[in-house]
Amino acid sequence: MIYARIAGTGSFLPGEPVSNDDLVARGIDTSDEWIVERTGIRTRHLAARDVTSSDLACEASRRAIAAAGLQPEDIDLVIVATSTPDCIFPSTATLLQSKLGMRNGAAAFDVQAVCTGFVYGLTIAEKFIRSGSHKRALVVGAEVFSRILDWSDRGTCVLFGDGAGAVVLEASDKPGILATALHADGSHHPILCVPGAVASGQVIGDPFLRMDGQAVFKFAVKVLGEVANEVLAESGMEAGAVDWLIPHQANIRIIQATAKRLGVPMEKVIATVDRHGNTSAASIPLALDLAVRDGRIRAGQRIIVEGVGGGFTWGAALLQF
Ligand code: ACO
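Residues numbered from 1 in each chain as written. Predicted model: local features only at pLDDT ≥ 70, side-chain atom pairs only at ≥ 80, totals over all residues. Heavy atoms only, no water.

This part is about the packing of helix α7 (residues 213–234) against helix α8 (residues 252–262). The geometry of α7 relative to α8 is characterised by a closest axis approach of 9 Å and an angle of 40° between their N-to-C directions. As summarised for this structure, α7 and α8 are arranged oblique, according to the angle between their axes. α8 is crossed by α7, and the crossing has right-handed handedness. Facing Phe217, Ala220, Val221, Lys222, Leu224, Gly225, Ala228 and Asn229 of α7, the residues of α8 in contact are Arg253, Ile254, Ala257, Thr258, Arg261 and Leu262. Along the lines of polarity and charge, the residues of the contact of α7 with α8 split into 8 nonpolar, 3 polar and 3 charged. (Axes fitted to C-alpha atoms, helices over the stretch in contact; angles between N-to-C directions. Helix = DSSP H or I, 4+ residues; strand = E, 2+ residues; numbered from the N terminus. Parallel < 35°, antiparallel > 145°, perpendicular 65-115°, else oblique. Left-handed = near helix turned anticlockwise from the far one by under 90°. Contact = heavy atoms within 4.5 Å. Nonpolar A, V, L, I, M, F, W, Y, C, P; charged D, E, K, R; others polar.)

This next bit is on the sheet that holds strand β13 (residues 244–247). Within the open sheet, the 4 strands sit side by side as β8-β15-β14-β13. Their pairing is mixed. Two strands close off the open sheet at either side, each with one partner strand: β8 (177–184) and β13. Adjacent strand axes in the sheet meet at a mean angle of 10° when their direction is disregarded. When β8 meets strand β15 (residues 313–320), the two strands line up antiparallel, connected through 7 bridges. Residue Thr180 lies in a different strand from β15, and its bridge partner there is Ala317. On the sheet, helix α5 (residues 117–131) packs against β8, β14 (302–309) and β15 and is oriented at approximately 130° with respect to β8. (Pairing = 2+ DSSP bridges.)

Attention shifts here to the sheet that holds strand β1 (residues 3–12). Spatially, β1-β7-β6-β4-β5 is the arrangement adopted by the 5 strands of the open sheet, whose pairing is mixed. Of all the strands in the sheet, the pair left with one neighbour each is β1 and β5 (107–111). Strand-to-strand, the axes of this sheet are offset by a mean angle of 20°, without reference to chain direction. Pairing geometry for β1 and strand β7 (residues 162–172), over 9 bridges, is antiparallel. Counted as the bridge partner of Thr9 is Val167 from β7.

The domain boundaries assigned to the protein chain delineate domain 1 (3–174) and domain 2 (178–320). Computed over C-alpha atoms only, the centres of domain 1 and domain 2 are separated by 14 Å. Opposite the 52 residues of domain 1 that make contact, domain 2 presents 45 residues. Carbon and sulfur atoms supply 64% of the area that domain 1 and domain 2 bury against each other, a total of about 3500 Å² over both sides. Looking only at domain 1, the three residues that lose the most surface to domain 2 are Cys115, Val119 and Tyr120, adding up to 16% of its buried area. Here domain 1 is connected to domain 2 by 2 salt bridges. The closest approach of N and O atoms between Arg210 and Asp150, which form a salt bridge, is 3.0 Å. Every element with two or more residues in the side of domain 1 that touches domain 2 is listed here: β1, α2 (32–39), β3 (43–44), α3 (53–67), α5, β6 (136–144), α6 (154–157) and β7. If you tally residues by element for the side of domain 1 that touches domain 2, the top one is α5, at 8 residues. In terms of residue class, the side of domain 1 that touches domain 2 is built from 23 nonpolar, 17 polar and 12 charged. (Domains from an automatic or database assignment. Buried area = accessible area lost by both parts, 1.4 Å probe. Salt bridge = Lys/Arg side-chain N within 4 Å of Asp/Glu carboxyl O.)

In the vicinity of the ligand there are 22 residues, among which Thr30, Arg38, Arg154, His248 and Asn251 approach most closely. Between the ligand and His248 there is a distance of 2.8 Å, counted from an oxygen atom to a side-chain nitrogen or oxygen. At 2.5 Å from an oxygen atom of the ligand is found a side-chain nitrogen or oxygen belonging to Asn251. If the ligand stood free it would expose 1000 Å²; the protein chains cover 73% of that surface. Looking at the shell around the ligand, the elements that each hand over two or more residues are α2, α6 and α7. Per-element accounting of the shell around the ligand gives the leading share, 4 residues, to α7. Looking at the shell around the ligand, you find at least three residues from each of domain 1 (3–174) and domain 2 (178–320). (Near = heavy atom within 4 Å. Polar contact = N/O pair within 3.5 Å; in protein donor to acceptor, adjacent residues only side chain to side chain. Areas by Shrake-Rupley, 256 points an atom, 1.4 Å probe, with all protein chains shown as cover.)

Encoded structure:
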């Protein structure tokens, strides 16, 4: 039996943390009190103008590859989950491959599932590895969401940040990823989207993130509860058998409500949204890497990672670390 196991993790946040008070100082009509009370976010990181998703992905990937004790050329599959690619094409994954100095012909492509992108990428990589076609996958979530925010819309601009997280997934005879579930329902697309497009050298329509916050909140709590239960049922486990829950880091109130629905105490939940805000596809691997590096997550422990995002998309993976 071939399993897919996480062999190394890495992450990267650009620049210095930007506090809620820093946003007020930049002229945004908000307050630290409002943001902390409604979202739990205290700081986020914002990339400099010339820094792209592939730059952030490259730093996170170098750390993940080093943690796995490998070289970039050992990787035979590169998947980048992003909604803020460097350009229309080529894919951010191929640009990352080039920045990592990989000339071994590894397959490389992007995945677009917004905040669920990392879970989609992980699940795709797992299928490649379990089929025997590939041995070592680099799965990255990388975003410069600050580029698609309307900084005059205080209801959205305070929520998001930039960053990247990466894992190396390796073929192994020991378990690994135990169960996965992916879903989407495109009928919910209007409640969270960037509706604009590019044609004839022009942006057609609105190029900024638009969101119905309360509708997103309700939908996220519902599906995060359901999909975690789905991977538990698939692997014949109860929630009590899981050591850590790593939900998408959008809002501490969504995270708390999801944990409550699942009967998982907050001591078993990795929450890093206070430090980096919502980094979309990067949020889960960022939280995972932080908890691996601070010693909370240890070898052999069982973890649920789960995401929800624009589309709407949602998904989860139950894995043994
Ligand atoms: N600072 C101060 N006041 C604000 C701000 C702000 N940044 N933003 C909105 N307000 C005001 C509004 O203008 C409104 O004022 P009014 O009552 O005078 O009209 C008041 O606060 C309440 O606004 P609501 O939008 O109703 O606030 P709500 O309690 O719903 O909180 C929030 C908004 C935090 C966005 C909440 O709906 C939420 O967390 N939703 C989930 C959205 C989310 O996490 N999205 C992430 C992307 S999706 C994903 O990753 C899955």
